[in-house]
Amino acid sequence: MALLECKSVSKDFGGITALKSVDLIIGANEILGLIGPNGAGKTTLFDVICGLYRPDSGGILLNGRSIVGLRPHQITQMGVARTFQSVRPLLSQTVFDNVLAGSLFGRGDYLHTAKAAEHRTEEILEWIGLEAKKNTRVKNLPIEHRKLVELGRALAANPVLLLLDEPMASLNPAEITRFIEMVRKMRDGGVSVVVVEHVMKAVMNMSDRIAVLHHGEKIADGPPQEVSRDRKVIEVYLGEQYGVS
Ligand SMILES: Nc1ncnc2c1ncn2[C@@H]1O[C@H](COP(=O)(O)OP(=O)(O)OP(=O)(O)O)[C@@H](O)[C@H]1O
Ligand SMILES: [Mg+2]
């Protein structure tokens, strides 16, 4: 069974069609790359999955159960966590407290004791490589570290599905390599991951499958090698120069 299923999901913003009858399946233990030109509807799709906006029509099922109409915190508690394209950490709080906030509002019983949540936070800080910065206020961190804090906060929620919105935009090549390793480890640990990204080489390389949105419609969905050779995808987004390495 699909972990998450979007069935004919549509969303308009005052006459602008952001999503038009989008069907999308996210399987268990899968990395799905979600790509497409600016304004294609990628972030909006995350927003409707997370309950920030209600779709105008269509269904969204998590493990077979409809989540349309649930509040964002309820959807988080069911195991869907995300990061934002423009990062939104708690700037005046420390790195530790930002990640801790994720574990306190996430999925799972261990969250009910402060000790367990703190322990989980320590584990995650080690994983994202920010233990040494745990007492630093986030406002004093560079953007790439703020992105890691957001990732840590999402991971602390103990998700079954993680939605990452342009996580690699400000990372250097070494950080991108490390990031890809981290996402693969998450997948191997049982988390499904959807990555919205314009860094093509990275997203093609890391994804098990790629879905392409254009003007709110899904125009391709398949293995990276296949999608990167799709005429329509090349025409509207990738250009002729692109080739999967
Ligand atoms: N809150 C909103 N109010 C009005 N229009 C919106 C809103 N959010 C998104 N849109 C519009 O919906 C369309 C899809 O936007 P969206 O942000 O989902 O695109 P995207 O694929 O994430 O683009 P990018 O790659 O630039 O991040 C765009 O035309 C955008 O202007
Ligand atoms: Mg976006």
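Caption draft 1: Local environment of the domain arrangement of the protein chain. We note that the domain assignment places domain 1 (26-53 + 65-79 + 160-245) and domain 2 (90-158) within the protein chain. Spacing between the C-alpha centres of domain 1 and domain 2 amounts to 23 Å. Ranked by the residues each element gives to the side of domain 1 that touches domain 2, the list is headed by helix 2 (residues 72-77), at 3 residues. Taken together, the residues of the side of domain 1 that touches domain 2 sort by class into 4 nonpolar, 5 polar and 1 charged.

Caption draft 2: Quick look at the sheet that holds strand 7 (residues 161-165). An order of 6-7-8-3-9-10 is seen for the 6 strands of this open sheet, with the pairing classed as mixed. This sheet does not close on itself; its edge strands, each paired only once, are strand 6 (80-82) and strand 10 (217-222). Shown here is a sheet whose adjacent strand axes are inclined to one another by a mean of 20°, direction ignored. As defined by bridge partners, strand 7 adjoins strand 8 (residues 192-196) across 5 bridges and the pair is classed as parallel.

Caption draft 3: Broad picture of the site of ligand 1. As a structural note, the neighbourhood of ligand 1 is formed by Phe 13, Ile 16, Ala 18, Gly 36, Asn 38, Gly 39, Ala 40, Gly 41, Lys 42, Thr 43, Thr 44 and Gln 85. Contributions of two or more residues to the shell around ligand 1 are made by strand 2 (16-26) and helix 1 (42-49). Per element, the largest residue contribution to the shell around ligand 1 is 3 residues, and it comes from helix 1.

Caption draft 4: Highlighting helix 4 (residues 114-128). Here helix 4 contains 15 residues, and its C-alpha end-to-end distance of 21 Å stays within 8% of the 21 Å for a straight helix at 1.5 Å per residue. Among the structural elements, helix 3 (95-104) and helix 5 (143-156) are those in contact with the buried residues of helix 4. Trailing helix 4 by a residue or two, Gly 129 shows a phi angle of about 75°, which is positive.

Caption draft 5: Up close: the packing of helix 3 against helix 4. Where helix 3 contacts helix 4, the axes come no closer than 9 Å and their chain directions differ by 120°. Overall, the two elements helix 3 and helix 4 adopt an arrangement that is oblique. For the pair helix 3 and helix 4, the crossing hand works out as right-handed. Packed against helix 3, whose contacting residues are Val 95, Phe 96, Val 99, Leu 100, Ser 103 and Leu 104, the element helix 4 presents Ala 117, Glu 118, Arg 120, Thr 121, Ile 124 and Leu 125 at the interface. Of the residues assigned to the contact of helix 3 with helix 4, the class counts are 8 nonpolar, 2 polar and 2 charged.

The rules behind each value
- Residues numbered from 1 in each chain as written.
- Chains lettered and ligands numbered in written order.
- Predicted model: local features only at pLDDT ≥ 70, side-chain atom pairs only at ≥ 80, totals over all residues.
- Domains from an automatic or database assignment.
- Helix = DSSP H or I, 4+ residues; strand = E, 2+ residues; numbered from the N terminus.
- Nonpolar A, V, L, I, M, F, W, Y, C, P; charged D, E, K, R; others polar.
- Pairing = 2+ DSSP bridges.
- Axes fitted to C-alpha atoms, helices over the stretch in contact; angles between N-to-C directions.
- Near = placed C-beta within 6 Å.
- Expected span 1.5 Å × (residues − 1).
- Contact = placed C-beta atoms within 7 Å.
- Parallel < 35°, antiparallel > 145°, perpendicular 65-115°, else oblique.
- Left-handed = near helix turned anticlockwise from the far one by under 90°.

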